[in-house]
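# Residue-level structure breakdown
Letter by letter, the chains look like this.
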Amino acid sequence: MTLPPWLAPSWRMLADAIASGRIHHALLFASPRGYGKRALADAFAAALLCQQRNADGSACGKCRSCLLVAAGSHPDLARVTFEIRDDGRPRTELTVDQLRALGARLSLSSQFGGWQIALIDPADAMNPNAANALLKTLEEPSSNTVIALIADDPSRLPPTIRSRCRKIDLPMPTREEALAWLRSRGVEAGAAAATLDASMNNPGQAEAWLAEGALAMREECASDLAALTASRAGPTAIAERWASDRPDLRLWFAAALARDEARTLAAGRRGALGLTQRAEIPKLNAWFGRANQARGLLATPVRADLVLLDLLRGWPARSTS
Ligand SMILES: [Zn+2]
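Below or above, wherever it landed, is the structure these notes cover. (Residues numbered from 1 in each chain as written. Predicted model: local features only at pLDDT ≥ 70, side-chain atom pairs only at ≥ 80, totals over all residues. Heavy atoms only, no water.)

### Quick word on the overall build of the chain
Across its full length, the chain holds 14 helices and five strands. Dimensions of the chain, computed from the C-alpha atoms along their principal axes, are close to 70 × 40 × 35 Å. Contacts in the chain between residues far apart in sequence, at least 24 positions, make up 68% of those at least 6 positions apart. For the chain, the accessible area works out to roughly 16000 Å², and carbon and sulfur atoms hold 51% of it. Averaging the positions of the 39 positive and the 33 negative side-chain charges in the chain gives two centres separated by 2 Å. (Helix = DSSP H or I, 4+ residues; strand = E, 2+ residues; numbered from the N terminus. Contact = heavy atoms within 4.5 Å. Areas by Shrake-Rupley, 256 points an atom, 1.4 Å probe, with all protein chains shown as cover. Lys, Arg positive; Asp, Glu negative; His and termini not counted. Charge placed at Lys NZ, Arg CZ, Asp CG, Glu CD.)

### Comments concerning the coordination of the zinc ion
Protein-derived coordination of the zinc ion comes from Cys50 (SG), Cys60 (SG), Cys63 (SG) and Cys66 (SG), at a distance range of 2.3 to 2.4 Å. Between the four donor atoms coordinating the zinc ion, the angles at the centre fall across 105 to 115°, so the site counts as tetrahedral. Given the relative accessible area of 12%, cysteine 60 is considered buried. (Donors = N, O, S within 2.8 Å, 3.2 Å for Na, K, Ca; no water. Tetrahedral: all angles 85-135°; square planar, octahedral: opposite > 155°, others 65-115°. Buried < 20%, exposed > 50% of the residue type's maximum accessible area, 1.4 Å probe, protein only.)

### Digging into helix H9 (residues 203-211)
Here H9 has its buried residues at Pro203, Ala206 and Trp209. For H9, the arc enclosing every buried residue in end-on projection is 125°, short of the 170-degree limit, so these residues lie on one face. Looking at the packing, one finds that the buried side of H9 touches helix H7 (175-184), helix H8 (189-198), helix H10 (214-229) and helix H12 (247-266). Positive phi shows up at glycine 213, right after H9, with a value of about 70°. (Arc of directions from axis to C-beta.)

### Remarks on the pattern of salt bridges
Within this structure, the stated rule accounts for 22 salt bridges. Across the pair arginine 164 and glutamate 139 runs a salt bridge, and its minimum N-O distance is 3.5 Å. Here arginine 164, found in the loop between helix H6 (159-162) and strand S5 (166-167), pairs with glutamate 139, found in helix H5 (residues 128-139); they are 25 residues apart in sequence, far enough to count as distant. On the accessibility criterion, arginine 164 (30% relative accessible area) is partly exposed. On the accessibility criterion, glutamate 139 (43% relative accessible area) is partly exposed. Overlapping salt bridges bring together Glu212, Glu220, Asp224, Arg241, Asp245, Arg246 and Arg250 as one network. (Salt bridge = Lys/Arg side-chain N within 4 Å of Asp/Glu carboxyl O.)

### Remarks on the pairing of strand S1 (residues 26-30)
Burial of S1 is extensive: five of the five residues sit out of reach of the surface. Residues Ala26, Leu28 and Ala30 point to one face of S1 and Leu27 and Phe29 to the other, with burial holding for every one of them. Of the strand pairs in this sheet, S1 and strand S4 (residues 145-151) are connected by five bridges, and their pairing is parallel. Bridged to alanine 26 within S4 is isoleucine 147. Pairing of S1 with S5 involves two bridges; the strand directions are parallel. Its bridge partner lying in S5, leucine 28 is registered against lysine 167. (Pairing = 2+ DSSP bridges.)

### Looking at the nonpolar core
Of all hydrophobic cores here, the largest spans 43 residues; its most connected members are Ile23, Phe29, Phe44 and Ile117. Of all the secondary structure elements, the ones that give two or more residues to this core are helix H1 (8-20), S1, helix H2 (37-49), helix H3 (64-71), strand S3 (116-120), S4, H7 and H8. Residue contributions to this core peak at nine residues, all from H2. Not counting residues within four places of it along the chain, the set of residues in contact with phenylalanine 44 comprises Trp11, Leu14, Ile18, Ile23, Leu27, Phe29, Ile117 and Val146. (Core = buried A, V, L, I, M, F, W, Y, C linked by side-chain atoms within 4.5 Å.)

In structure tokens form, the structure reads like this:
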């Protein structure tokens, strides 16, 4: 088991709970995506079911239970996640039938005579009826049963559900921890630092972007914005190009670049995107907000190229469109 080091205190607490046998029947693992909560919940489930845990409380990886967990077929581990629809695509919400089936399953005793655990992921995708079905199960907990809810955005869970869960404390990594973790996974120091900057110190996000070659995309966004500043390129061509290839990620980078430019100007230096005047700082800050709003619009039926064109026309240094 290799958990990220910033989750060591969370792991210690969970391992102690397993050792003492006193485990709250509903646990909430909530934090933004990319900080390791799913790895932690998996490690907890494996350790809870393991028949010969290591000295540090982690799962041995060798016993019958561990082999079944690894194979995805342990009878006392239930995973509730998006089902595949008839057309072959995954659903976008967890349904009442799934949560009712879970309640029925947990009301039976465990097959191995130990704990039963359910991982609901993403729990914040339960529709209201599904949440009501889960609430009934939470109100009448079976003994030796743990339900773990995993959520990127716990504010989307009904308060009645949240109030019945014990929230697991999940510390955020320091810059040094995030950097060391990426380095331990074979990422070169410069790339690790640059992606952590771009992702606002989110190591899982940084790693995913590195795998997608996203750093090159960030450089391209920077060069496009610099070209806009210098009037070497027009917004239409850039908007079309951005719209055709991961516009969401480009907007994320563009917003972060505008924020960095404002900070550089505030420090009295010339910005990397070619802006020089401190008077541009409030405009850059406003543009940062508009870029994030535009990112939200991409999830709607509005045409991406038009959203991008509107935004790029408003780039601070441009006096005309
Ligand atoms: Zn084991």
